[in-house]
Amino acid sequence: MSAAPLLAVEDLAVAFKGDGAPVQAVRGVSFALPRAGTLALVGESGGGKSVLALALLGLLPATATVSGRVLWEGTDLVALPERDRQRWRGCKLGLVLQDPLAALNPVLTVGDQVAEGLRYHRGLGRRAAREAAVSLLAEVRLPDAAARARDYPHRLSGGMRQRALLAAALACGPELLIADEPTASLDVTVQAEVLDLMAELVRARGMALLFVTHNLALVPRVAERAAVMFAGRLVEMGPARAVIEAPAHPFTRALLAALPERWPLHGRLPAADAPGPDPRRPPPGCPYVCRCPHARPACADESALGLALADDRRVACLPEVAGPLARGEVPA
Amino acid sequence: MLLYVVRRLGSAVLLLLALLTAVFFIARLAPGDPIDRFGAADLDAADRAAVRHNLGLDRPLAAQYWQWLRGVTRGDFGRSLSRHQPVSAMLAEAVPRTLLLTGIAYVLHFALAVASGVWLARNRGRRRERVATVAGLVLYSLPAFWLGQLLVLVFSRALGWLPASGVAAVGAAWLPWPQRVLDVARHLVLPLCVIGVAPVLGTARFVRNGVLEALGQDYVLAARARGLPERAVIWRHALRNGLLPVVTIAGLNLAFLLNGAVVTEVVFAWPGLGRLTVEAIFARDYPVIMGTTALAGALTLLGNLLADVLYGVADPRVRLASEADR
C-alpha cells in the first residue's frame, strides 16, 4: 500500500440497536485503499459487506451506531456532520446497487436520475444536465443514449439499467466507486459485460473501486486485491489472485469450494452446515469456529490469531492452520 | 387509451341510467306528497285532484318516468314543483356557488394533506407525530354539523370575527369588487374549515404511508448516495411515488365537488347544490331531486374515470399498460 492512501478504514464497527443486545454487524474492520486501487470485499450474505459499504457512505439508518474511523485523505468521515457528508456522497464516493430496477425511481426518466447529482452538486441547469446525462449514458455504451435518457426505467433491460445506474454514479466524477453486488441480478453473459465495462471505466477514470460480492470467481476480473469477510470481520486479505489460488483461511476455502463452476452437473454443492455466530453475542476470537473443520481451543484467543503470510497478505487464523492451508497442505 | 376511455364512458352512461331509474322510483315510494307543501291543507279533494292533474302527478309512474327521461335527452330537466322555475335554471344558479366552496376546499385539502403527510413521515415515531396524529384524528372525527355550529358559536357569536351564514353580506353587491371578494372570502372561511381543513388527516395518512414506503426503497438509497439533499430525496423521489394512492383518492373525491358539502351548506345556509337537494327532498320536489342526483351521479362516474386516467399520468408504468391496450 502506498504511503498516503485515498481511503483508510481503521477499526470500523457498526452495531444496530434493537430489542435486546445490539446486533454487531461489522467488527474491527481495517483496510486501506490507495488512489486508483481496487479492492473486492467478499463474503456470504449477512456477513456485513453491504453494511460496511453503506457505513463508508454514511447512509446507515438511525438505529446504527458507527465507531472507528473512515479517513479520506486524512479527514475522518465518521466525525463529519451530515451536511458535509452529503457533499462527499456523489462527488467523491459513487454507489452502484445490486438490483438495478429497484434502484431506479420508476416515475423519473433515466436521464433525470443520471444527471440529478450534477444538478445538485454543480448547479447545472436543466438543459446542461440533460446533455451531461446523454454523454454519460454514451460513456457506459448505452446504445441510442439520447433516446434512452428520455425513457422511464421500466423500458430498459436489466443490463441497460445497470449501465444507467453506473452512469449516475459516475456523474460527478467520484474518486471511489462502491459497487454493491452490481451484477448479482443479471444473467451471466450480461454480468461479464457490465463487469468488464465497470473495470474499464474505473481504469480509464483513475478511480478507486470497492467491489462488494459473494462470488469469489468474479473478483480477479475487476479487483487487484480481495478482502474476505465473515460475520462482520475481515478474515483474509491479499492480492486477489493469491487469495483465490492459495486461500489460507478455512472460510475462504469453503467459499471457493461452494462456487457452482467447480462442481459437475447434478453433483451436490457443499452447503454451510451450521449457522453463523449470533451477531448479538459474537464469540471471542475467530467467529468461524462454529463451522471450521480445523477449529481448536486456541481459536478463542484473539491474540493467537493473525498471521502475515507475506508483506501484503494477512489472515486472521492460527499460524498452524493458515500456514499449511496457504501451501495447499492439510493442517495437522 | 381512447378506446379505453370510450368503453368506460359507455358503461358510465348505463350506470347513470340505472342510478336515475332507482332514484326516480325510490323518491316516489317515500311517504308524502309535493302538494302538501303548498299550504294545501285547506284545499278540498277536488282541488287537490286538479292540482295533481296539472302537475302530471296523477299519471302512471311509468308514464311519468318515460316523460322525464325523454325530457332529459333533450336537456330539459322539467320544472320545480315548489318554486315553479325550470330545474336547469335552479341548478345553474346553485352549482357555481357550490363549486366555489368545494373547489377551494378540495385544493386546500389536498395541499394541506400533502404538506402534513410529508411532515408526519419525516417525524415518524417522534412524540410530536403522535400528538399531531391524535389531534388530527379528533378533528377528522368531528361530525360536520357539530363542528360547523361550534365554529359559528365561537367565531361568529362570541368573537364576532366572521359571518355565520350565506355567501355574501346583504348589500354586498353594491360594494366595489375588492371588498366584494373580501366579503365572500370571509364567508368562506368557516365552511372551508369544516370540509377542507378538519378532515385533512384522513388523506394525510395516505401521503405519510406512501412517502414512508417510498423512503424504504432502493431508489431512495441510490438518490441519497448521489448526495441529494434530504428535501430533494423526499419531494422529488419519495413523494412522487407516495402520491400514487393519493391520486386515486383525489379522483374518487371529484364527486365531492358537487355533493360533498350537503351538511355544511345546510349548517352555513350556503345556497348551493347541497342545500337545494335537501330542500327538494323535504318538499318532495321530484324534478329537482332528479336533477341534482343526475348531476352528482354523472360527476361521480366521471371522477372515477378521471382517477384512472390521472393515475396513468402519474405512473409511467400504467401509461405503458394502457397504451398496449390500444
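A brief structural summary. Please read all numbers here as calculations on a predicted model, not as lab measurements.

### Description of the overall build of chain B
Logical step 1: Along its length, chain B carries 16 helices and 0 strands.
Logical step 2: Taking the principal axes of its C-alpha atoms as reference, chain B extends roughly 85 × 60 × 40 Å.
Logical step 3: Contacts spanning at least 24 positions in sequence make up 74% of the contacts within chain B whose residues lie at least 6 apart.

### Section: the pairing of strand β2 (residues 23-33) of chain A
Residues and elements named next belong to chain A.
Logical step 1: With 7 bridges joining them, strand β1 (residues 7-16) and β2 adopt antiparallel strand pairing. Directly across from Val-14, in β2, lies its bridge partner Val-26.
Logical step 2: Taking the residues that link successive antiparallel strands as the turn, the β1-β2 hairpin has 6 residues, and the phi of Gly-20 there is positive, at about 75°.

### Overview of the sheet that holds β1(A)
All names here are of chain A.
Logical step 1: With antiparallel pairing, 4 strands are arranged side by side in an open sheet as β2-β1-β4-β5. Pairing within the sheet leaves two strands with one partner each, and these edge strands are β2 and β5 (75-76).
Logical step 2: As defined by bridge partners, β1 adjoins strand β4 (residues 64-72) across 8 bridges and the pair is classed as antiparallel. By the bridge assignment, Ala-8 is partnered in β4 with Leu-71.
Logical step 3: The strands touched by helix α1 (residues 49-57) within the sheet are β1, β2 and β4, with β2 carrying the most contacts at an inclination of about 65°.

### Things to note about the nonpolar core
Logical step 1: A:Val114, A:Leu137 and A:Val228 are the most contacted members of the largest nonpolar core, which totals 128 residues.
Logical step 2: When sequence neighbours within four positions are dropped, the list of residues in contact with A:Leu137 reads A:Val114, A:Leu142, A:Ala145, A:Arg148, A:Ala149, A:Ala164 and A:Ala167.
Logical step 3: One finds B:Leu147, B:Leu190, B:Ala198 and B:Val267 within the second-largest nonpolar core, a separate group that totals 15 residues.

### Description of the interface of chain A and chain B
Logical step 1: With 24 residues of chain A at the interface, the matching set in chain B holds 19 residues.
Logical step 2: Listed by contribution, the elements that provide at least two residues to the side of chain A that touches chain B are α2 (82-91), α3 (110-121) and α6 (158-170) of chain A.
Logical step 3: With 5 residues, the top contributor of residues to the side of chain A that touches chain B is α2(A).
Logical step 4: Of the residues in the side of chain A that touches chain B, the class split is 14 nonpolar, 6 polar and 4 charged.

### Digging into the sheet that holds strand β6 (residues 93-96) of chain A
Residue and element names in this part refer to chain A.
Logical step 1: Read across the sheet, 8 strands follow the order β6-β7-β8-β3-β9-β10-β12-β11 without closing on themselves; strand pairing throughout is mixed. If you trace the sheet from one side to the other, it starts and ends with β6 and β11 (307-310), each paired once. Taking each pair of neighbouring strands and ignoring which way they run, the sheet shows an average axis angle of 20°.
Logical step 2: Note that strand β7 (residues 176-180) and strand β8 (residues 208-213) share 5 bridges and pair parallel. Each residue of the ladder has a partner; that of Asp-180, found in β8, is Val-212.

### Some points on helix α10 (residues 230-242) of chain B
In an α-helix, one turn spans 3.6 residues; hence positions three or four apart end up facing the same way.
Residues and elements named next belong to chain B.
Logical step 1: Helix length check: α10 (13 residues) gives 16 Å between terminal C-alpha atoms against 18 Å at 1.5 Å per residue, more than 12% under.
Logical step 2: All buried positions along α10 are accounted for by Ile-234, His-237, Ala-238, Leu-239, Asn-241 and Gly-242.
Logical step 3: In this fold, the buried residues of α10 make contact with α4 (87-122), α8 (200-215), α9 (218-225) and α11 (244-252).

### A few points about the environment of A:Glu116
Logical step 1: Mapped onto the fold, A:Glu116 is located in helix α3.
Logical step 2: The buried category is assigned to A:Glu116, around which 25 C-beta atoms lie within 10 Å.
Logical step 3: Note: C-alpha distance between A:Glu116 and A:Ser30 (86 residues apart in sequence) is 33 Å.
Logical step 4: Those residues in contact with A:Glu116 that sit more than four places away from it in its chain are B:Arg226 and B:Leu228.

### Observations concerning the packing of α4(B) against helix α14 (residues 273-282) of chain B
All names here are of chain B.
Logical step 1: Where α4 meets α14, the axes come as close as 7 Å, and the angle between the chain directions of the two elements is 135°. Between α4 and α14, the angle is such that the two are oblique. The residues of α14 that touch α4, namely those facing Met-90, Ala-94, Val-95 and Thr-98, are Leu-273, Gly-274 and Leu-276.
Logical step 2: Of the residues assigned to the contact of α4 with α14, the class counts are 5 nonpolar, 2 polar and no charged.

### Observations concerning the environment of A:Ser303
Residues and elements named next belong to chain A.
Logical step 1: Positionally, Ser-303 belongs in the loop between α10 (250-257) and β11.
Logical step 2: For Ser-303, a count of 7 C-beta atoms within 10 Å puts it in the exposed group.
Logical step 3: Separated by 58 residues in sequence, Ser-303 and Glu-245 place their C-alpha atoms 27 Å apart.

### Considering unusual backbone geometry
Residue and element names in this part refer to chain A.
Logical step 1: Not every positive phi belongs to a glycine, and Arg-141 is a case in point at roughly 60°.
Logical step 2: With respect to the helices and strands, the residue Arg-141 is situated in the loop between α4 (126-139) and α5 (145-150).
Logical step 3: One non-glycine residue, Asp-144, adopts positive backbone phi at about 55°.
Logical step 4: With respect to the element layout, Asp-144 can be found in the loop between α4 and α5.
Logical step 5: Accessibility expressed as a C-beta count within 10 Å gives 11 for Asp-144, which makes it exposed.

How each quantity is defined
Residues numbered from 1 in each chain as written. Chains lettered and ligands numbered in written order. Predicted model: local features only at pLDDT ≥ 70, side-chain atom pairs only at ≥ 80, totals over all residues. Helix = DSSP H or I, 4+ residues; strand = E, 2+ residues; numbered from the N terminus. Contact = placed C-beta atoms within 7 Å. Pairing = 2+ DSSP bridges. Axes fitted to C-alpha atoms, helices over the stretch in contact; angles between N-to-C directions. Core = buried A, V, L, I, M, F, W, Y, C linked by C-beta atoms within 7 Å. Buried ≥ 20, exposed ≤ 12 C-beta atoms within 10 Å, placed from the backbone. Nonpolar A, V, L, I, M, F, W, Y, C, P; charged D, E, K, R; others polar. Expected span 1.5 Å × (residues − 1). Parallel < 35°, antiparallel > 145°, perpendicular 65-115°, else oblique.

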